[in-house]
Amino acid sequence: MSENEPLHSTLNETNEAGGSRFVRACLRLPVDRTPVWFLRQAGRYMPEYMAVRKHHSLLDICRTPEIASEVTITAAERLGVDAAIIFADLLLPFTPMGLDFEFVNGEGPVVHTPIRSLEHVQALRTDRTDDLRYVASAIEKVAKHFAAPRADGDTLGIIGFCGAPFTLASYMIEGSSSRNYVETKKIMYSHDATWSLLMEKLVTVLVAYAEQQVEAGADVIQIFDSWAGALSVSDYRQYCLAPTTELVRRVKALGVPVIYFGVDTASLLPTMREMTADVLGLDWRIPLDEGWRAVGAGCAVQGNLDPITLFAPEDVLQGRVNEILKLANGRPGHIFNLGHGIVPGTPVDNVIRVVEWVKQYGVGKPVARNEAASEWAVRA
């Protein structure tokens, strides 16, 4: 298959028919306007979500399909976005693998017994992924709710997700968030058998987990490699590219497009493209056209407004939104999003305004071709 061919052969029937505006953009097919959704669009900035959190912990919400689906649906409808991402957490697969964790106020997730040896990895289980079916149940409820076309005739895209092998391994090994990933890199550099087995077990669990989500109605799977930006290009290529590529390949074989997203990964983009994800997420540190050049014209891109720009005055915010849309220049395969998740305290009205501006802009609107866009067209 050539790089410029937008569809892969394993698409399910919905996607073969074109699917939603969001799915079509993932596959670099023509759309009437740029689709838009947001990372962490259901979260602590939204009063409706905080009302739920008064009575339920984060993990309770994730593990209760009725509540997880309600939170997902409420955010998508309040914002008017083109896709809903299921409310879940990257670390949920840890529990059936035999690794307990909890969320501690002010610290985030904490793994009680971090992985530090081959024996620890050997003890991890891969045969209990059915314990994660509460996520699939929540997706079923969301998919059923959004099954009918909306007023504009489009159907809402449903996004399932999982973590990437490196990011999940780093949480397992460090035991919490980290600045330098010392313990992770020590195992990665010095214990080949331990690292390889951990990657293998994670891929096995994540593929089964993604399959549950697709069977439940997810149109797209997003793979989050939140901490990949901590790696050099050499380390990413040597220790992470192969297992991540295997994960992407096997999820695509389920018949859905795959979005791959990492933070602070501008230097990794050309290497990341080798894993053949349908869409690569771009953070805000690289202009959208430069990021698209780095991954090549044969890949869709998602992003990449700085989430803190949502606190800016209206004229500044609108200017940044228009800048990104101009850099995309109406090319098939752009999904408007943030370069990372919405943060607590973000004004909800500003998020809604961004959605409205993207919809008003549309890909059919004439775009003044600036030098950057022209250069992209020449070099792509």
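Residues numbered from 1 in each chain as written. Predicted model: local features only at pLDDT ≥ 70, side-chain atom pairs only at ≥ 80, totals over all residues. Heavy atoms only, no water.

K.L.:
What am I meant to see in the environment of Ser 234 here?
P.N.:
Relative to the assigned elements, Ser 234 resides in helix H12 (residues 233-252). According to the relative accessible area criterion, Ser 234 is exposed, its value standing at 53%. The spacing of Ser 234 and Tyr 45 is 189 residues in sequence and 38 Å in space, taken between C-alpha atoms. (Helix = DSSP H or I, 4+ residues; strand = E, 2+ residues; numbered from the N terminus. Buried < 20%, exposed > 50% of the residue type's maximum accessible area, 1.4 Å probe, protein only.)

K.L.:
For this particular structure, what's the right way to read the state of the cysteines?
P.N.:
Note on terminology: a disulfide is the covalent bond linking the sulfur atoms of two cysteines. Applying the stated criterion to the full structure yields zero disulfides. Note on Cys 62: no disulfide assigned, nearest cysteine sulfur contributed by Cys 162 at a separation of 15 Å. No disulfide involves Cys 240; its nearest neighbouring cysteine sulfur is the one of Cys 162, lying 15 Å away. (Disulfide = S-S within 2.5 Å.)

K.L.:
What should I look at first to understand the pairing of strand E6 (residues 258-262) in this one?
P.N.:
Taken residue by residue, a regular strand's side chains alternate between the two faces of the sheet. In terms of burial, E6 is largely enclosed, as five of its five residues are buried. A two-sided burial pattern is seen for E6, the buried positions comprising Val 258, Tyr 260 and Gly 262 on one face and Ile 259 and Phe 261 on the other. Of the strand pairs in this sheet, strand E5 (residues 220-225) and E6 are connected by five bridges, and their pairing is parallel. When the sheet's bridge partners are listed, Gln 222 is paired in E6 with Ile 259. Each parallel crossover has a hand, and the one from E5 via H12 to E6 is right-handed. The pairing of E6 with strand E7 (residues 279-281) spans three bridges and is parallel. Among the inter-strand pairings, Tyr 260 is bridged to a residue of E7, identified as Leu 280. (Pairing = 2+ DSSP bridges. Right-handed = clockwise from strand over helix to strand, strands pointing away.)

K.L.:
Mind showing me how you'd approach the sheet that holds strand E1 (residues 83-85) here?
P.N.:
Two orientations exist for strands paired in a sheet by backbone hydrogen bonds: parallel and antiparallel. Strand order in the open sheet formed by seven strands is E1-E4-E5-E6-E7-E8-E9, with parallel pairing between adjacent strands. Only two strands of the sheet have a single neighbouring strand rather than two, namely E1 and strand E9 (334-338). Across the sheet, the axes of successive neighbouring strands diverge by a mean angle of 25 degrees, strand direction being ignored. Relative to the sheet, helix H11 (residues 192-216) contacts strand E4 (157-163) and E5, its axis offset from that of E4 by approximately 165 degrees. (Axes fitted to C-alpha atoms, helices over the stretch in contact; angles between N-to-C directions. Contact = heavy atoms within 4.5 Å.)

K.L.:
Is there a simple way to explain the layout of surface pockets in this structure?
P.N.:
One water molecule sets the probe size; rolling that probe over the atoms shows where empty space is left. Here the largest pocket is characterised by a volume of approximately 1,300 Å³. If you trace the largest pocket, you find 40 residues lining it, with Arg 40, Arg 44, Leu 58, Asp 89 and Phe 103 closest to the centre. Listing elements by their share of the lining of the largest pocket, those giving two or more residues are helix H3 (47-53), helix H4 (58-63), strand E2 (101-104) and strand E3 (108-111). Broken down by class, the residue content of the lining of the largest pocket amounts to 26 nonpolar, 10 polar and four charged. (1 Å grid on protein atoms, 1.4 Å probe; cavity = no way out; pocket = protein on both sides within 12 Å on 5 of 7 lines; lining within 4 Å. Points joined across faces, edges and corners; volume = space filled by probe spheres on them. Nonpolar A, V, L, I, M, F, W, Y, C, P; charged D, E, K, R; others polar.)

K.L.:
What is the right way to look at the environment of Phe 336 in this model?
P.N.:
Tracing the sequence through the fold places Phe 336 in strand E9. Each C-alpha atom, one on Phe 336 and one on Gln 302, is 5.9 Å from the other, the two residues being 34 residues apart in sequence. Residues in contact with Phe 336, not counting those within four places in the same chain, are Thr 34, Pro 35, Val 36, Trp 37, Gly 303, Leu 305, Val 321, Ile 324, Leu 325, Val 354 and Val 358.

K.L.:
What should I look at first to understand the packing of aromatic side chains in this one?
P.N.:
Here the distance between the centres and the angle between the planes together describe a pair of aromatic rings. With the rule as written, the count across this model stands at 10 aromatic pairs. Measuring from ring centre to ring centre gives 5.8 Å for Tyr 189 and Tyr 239, while their planes differ by 70 degrees; the resulting arrangement is edge-to-face. Note that Tyr 189 is positioned in helix H10 (residues 182-190) and Tyr 239 in helix H12, a separation of 50 residues in sequence. Taking relative accessible area as the criterion, Tyr 189 reaches 41% and is therefore assigned partly exposed. (Phe/Tyr/Trp six-rings, centres within 6.5 Å; stacked < 30°, edge-to-face > 60°.)

K.L.:
Hey, could you run me through the side chain of Glu 174 in this one?
P.N.:
Mapped onto the fold, Glu 174 is located in helix H9 (residues 165-174). No salt bridge is formed by the buried Glu 174; its nearest oppositely charged neighbour, Arg 116, is found at 5.2 Å. A polar side-chain atom of Glu 174 sits 2.8 Å from the main-chain amide nitrogen of Thr 184. Contact partners of Glu 174, with chain neighbours within four places excluded, come to Pro 114, Arg 116, Tyr 181, Val 182, Glu 183 and Thr 184. (Lys, Arg positive; Asp, Glu negative; His and termini not counted. Salt bridge = Lys/Arg side-chain N within 4 Å of Asp/Glu carboxyl O. Polar contact = N/O pair within 3.5 Å; in protein donor to acceptor, adjacent residues only side chain to side chain.)

K.L.:
I tried to follow the pattern of salt bridges on my own but got confused; where do I start?
P.N.:
Two side chains that carry opposite charge are able to pair once their charged atoms sit near each other. By the definition in use, this model includes 20 salt bridges. In the salt-bridge network here, residues are joined through shared partners; they are Arg 21, Asp 32, Arg 33, Asp 82, Arg 150, Asp 152 and Asp 154.

K.L.:
It is not clear to me how the environment of Gly 341 should be interpreted in this structure. Could you clarify?
P.N.:
Of note, Gly 341 is situated in the loop between E9 and helix H16 (348-361). Accessibility expressed as a relative area gives 3% for Gly 341, which makes it buried. Spatially, the C-alpha atoms of Gly 341 and Ile 308 are 9.5 Å apart, while their sequence positions differ by 33 residues. In this view, Gly 341 contacts Leu 39, Arg 40 and Pro 307; residues no more than four positions away in its chain are not counted.

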